Amino acid sequence: MNKFLPAPWVILLLIVLKPGLTPAQESIAYTNMYTAKDITVGFGSYGRIGTSWTFEESSIEGRRLNLNNMGSIGGRMEEQDYLELGMAFHMRPPQLIKDSTTVSIQFRANIFSRSLSLFGNSNTASEGGLTIGLPEMYLEARNILTKDLNIWVGARLYRGGDVHMADYFYFNDHSGQGFGIEYKATRFHVNFISSTDTTATVPPFFFLNINSGTPSLELRRRIVYTLEQDFRTGRNQLLTALGEFHRIGDPSRNNDPSDSTNLLLSFPGDVGWVLGLKYQHNDFAFLPGSFHQIGVRYGIGIANGGDGGSSRTWETFGAPNLETNEFNSAYSWHVVDHFLLNFSPKFSLNGYAVYNESRGAADTRDIAETYFGREVFNSKRDFTIGFRGIRFITDAFHLQGEINYSQRQDGTQPWYRMTKLSIVPLLALKGERSIWSRPQIRFVYSVARYNDFAAEQRYSPFLDLLGSQRWGNYFGIKAEWWTW
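Residues numbered from 1 in each chain as written. Predicted model: local features only at pLDDT ≥ 70, side-chain atom pairs only at ≥ 80, totals over all residues. Heavy atoms only, no water.

Caption draft 1: Quick peek at the overall build of the chain. Helix and strand counts for the chain stand at 4 helices and 26 strands. By residue count, 50% of the 484 residues in the chain fall in the buried class. Residue pairs at least 24 apart in sequence account for 63% of intrachain contacts in the chain once pairs closer than 6 positions are excluded. Carbon and sulfur atoms form 59% of the exposed surface of the chain, whose accessible area is close to 22,600 Å². (Helix = DSSP H or I, 4+ residues; strand = E, 2+ residues; numbered from the N terminus. Buried < 20%, exposed > 50% of the residue type's maximum accessible area, 1.4 Å probe, protein only. Contact = heavy atoms within 4.5 Å. Areas by Shrake-Rupley, 256 points an atom, 1.4 Å probe, with all protein chains shown as cover.)

Encoded structure:
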C-alpha cells in the first residue's frame, strides 16, 4: 500500500531490496538535488507460487504437460514458482521542459529455482537453488530536449504485447542490454548480445584471441539494430512495421590464419534480416477491453530464431552450412493471432493461435552437424491453438476453463501432438469481473492426452518424469499477483 516515506526508510529499502520495480508511484520527502514534488518512487511485483501433485507418487513441480521445446505455449497453468521485484525513481528536472520532461531509473530482479524445488524448500546456497537475475537496470529520459523525444540506456525488458495464457511475448521481444531512441510513433533500438556458453549450437559468441601473443578466450558480440514504426490506420486500429539487422563480427580477420587452433574457435562473421507487420484492432461490438491482434514476421540468416517458448530472433535455430560456417540460407516464419472478447459482465473469451517454422542452413531438413561436432535438428514446425473462457459467477468467484492443442515436428520425424484441458475455479481477491484481475488464488486441474509418438518418445517434461503414457494429470493450488 502506498504511503509517504521519510528519506531514511527509502535508503533502508534500497539496501534490503537492491533490485527494482515499476509504476505504482508514491511521493517521498527527499531533499538533495530535488524537492519532494520532483521525485516519486514506485514499487511493484509479479509473482506466482503454489504446490501441485498427481496420481503417481512423484513430485511434478514445474513439470509442464506441454510438449518439449514449447515452453508455456500450450497453457501455463503448471508453471513453477517465480518472483519479480522492482523499483523505479521518477524525477522531473525543473530546468528542462517544464511539466513535460521526466527521468526514470528502473530496476527489476527476478528470482527462480534452478532445480524444480519449491521456493520454500530452496535457497541460494542449496544445490540447484534459487537464482537471482537482473533483467532490468536502465535510465530513461522522456520528452528530453524536445517534446515526444525519449532516450534510454541499459538493460531492459523491451517488448510489446504477449499471449498471457501462453506466457508468450511475440513479434517484437527485444529484451536485452543496449540503448534506444523513440520519437512519436518511431522506435530505434540497438541490442548488444554475447554469451559465455561454449556449448551453444548457435554461432559462437567466443573466439581465441592471439593478437597479444598469449592465446585467451574472448567474447565477440552480435549487434541487433531494430526499427519500428506505428501507423494509425483508423479509429482504434494500429499497424506496426518491424525491421531488424543482425551482425556478428569476424575476429579471425585480425589473427594469424596459420594458427590452426585459432581457426577452430574463430568463425566467420555473419548477418541476418527480419521483416514483420502487426495489426491491432480494438473497436468491436463487445465490451471495452476487447481486442484482436495478428502478427507476421519473417527472418533470414542468423536472425531465424524463435523456439523453446521464446520468440527472440537472435536465438539462431538449426545448423550452419559447414562449408562456409554461415547461416546465409536459414529462415523462419512466425505467425500469431490473439484476441479477447468481453461478451458481457458474466463471460469473456480469450484465444490464440501460434505457428512457427524454422530452418537452418544445412542441406538436410533432419539432423545436421553444427559447430564442434554437435548434432541438432535443422528444421522444425509447430502449431498451437488455445481458448480460455471465464464465467464470472460473482465478483470474487470465477470459473475458468481452458483448452489447448499443440503439435510439433522436429526434422522429418512424425508429429508430436498434445491436447490439454484445464478447469480452474479461482478467487479474484480484488472482486473484479476481468480476465486481468489479480491477485488470484487458483484451484487447478489439468488433463492432457498425447498421441502415440509423443508418448513413446516421452516428449513432455511430465512424460520425461513419469514414463511413456497416453494421459497426464495435474492438480495444483496456485497464487498469482502483479502490482505494476
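Now, onward.
Caption draft 2: Spotlight on the packing of aromatic side chains. Counted under the stated rule, the structure contains 17 aromatic pairs. Seen in terms of ring centroids, Tyr 225 and Phe 245 are 6.3 Å apart; in terms of plane orientation they differ by 20°. Their pairing is stacked. Taken together, the residues span a long stretch of sequence, with Tyr 225 in strand β14 (residues 222-234) and Phe 245 in strand β15 (residues 237-248) at a distance of 20 residues. According to the relative accessible area criterion, Tyr 225 is partly exposed, its value standing at 33%. With a centroid separation of 3.6 Å and 5° between ring planes, the pair formed by Tyr 416 and Tyr 459 is classed as stacked. One end of the pair, Tyr 416, is in strand β24 (residues 416-428); the other, Tyr 459, is in the loop between α3 (452-456) and α4 (461-466), and 43 residues separate them in sequence. The pair formed by Tyr 416 and Tyr 459 is uniform in burial state, with each residue classed as buried. A network of ring pairs unites the aromatic residues Tyr 46, Tyr 82 and Trp 482 as a single cluster. Its guanidinium or amino end placed over the ring of Trp 152, Arg 156 lies 5.1 Å from that ring's centre, counting from NZ or CZ. Above the ring of Phe 169, the side-chain terminus of Arg 159 is found at 3.6 Å from the ring centroid. (Phe/Tyr/Trp six-rings, centres within 6.5 Å; stacked < 30°, edge-to-face > 60°. Lys NZ or Arg CZ within 6 Å of the ring centre and 35° of its normal.)

Caption draft 3: Here's a closer look at the nonpolar core. In terms of nonpolar packing, the biggest core is built from 33 residues, with Leu 67, Val 163, Tyr 168, Tyr 450 and Phe 462 touching the most fellow members. Broken down by secondary-structure element, the contributors of at least two residues to this core are β19 (347-359), β24, β25 (440-450), α3 and α4. Top contributing element to this core by residue count: β24, with 5 residues. If sequence neighbours within four positions are ignored, Tyr 450 has contacts with Leu 65, Leu 67, Arg 417, Met 418, Ala 455, Ser 460, Phe 462, Leu 463, Gln 469, Arg 470, Trp 471 and Gly 472. Grouped together as the second largest cluster of nonpolar side chains are 7 residues, Ile 248, Ile 302, Phe 327 and Ala 330 included. (Core = buried A, V, L, I, M, F, W, Y, C linked by side-chain atoms within 4.5 Å.)

Caption draft 4: Region of interest: the pairing of β14. Direction of pairing for strand β11 (residues 186-193) relative to β14: antiparallel, over a ladder of 8 bridges. Residue pairing across strands places Asn 191 opposite Val 224, the latter belonging to β14. Pairing of β14 with β15 involves 12 bridges; the strand directions are antiparallel. The residue of β15 that forms the bridge with Arg 232 is Leu 238. (Pairing = 2+ DSSP bridges.)

Caption draft 5: The pairing of strand β17 (residues 291-301), seen in detail. By the bridge criterion, 10 bridges tie strand β16 (residues 270-281) to β17 in an arrangement that is antiparallel. Note that in β17 the partner of Trp 273 across the bridge is Ile 300.

Caption draft 6: Structural detail: the environment of Gly 249. For Gly 249, the position within the fold is in the loop between β15 and α2 (260-265). In this view, Gly 249 contacts Arg 220, Arg 221 and Gly 269; residues no more than four positions away in its chain are not counted.

Caption draft 7: The pattern of salt bridges, seen in detail. Considering all chains together, one arrives at 27 salt bridges under this definition. Arg 48 is the salt-bridge partner of Glu 79, the closest N and O atoms lying 3.3 Å from each other. Within this pair, whereas Glu 79 is found in the loop between β3 (39-53) and β4 (82-91), its partner Arg 48 is found in strand β3, the two being separated by 31 residues in sequence. Neither Glu 79 nor Arg 48 differs from the other in exposure class; each is buried. (Salt bridge = Lys/Arg side-chain N within 4 Å of Asp/Glu carboxyl O.)

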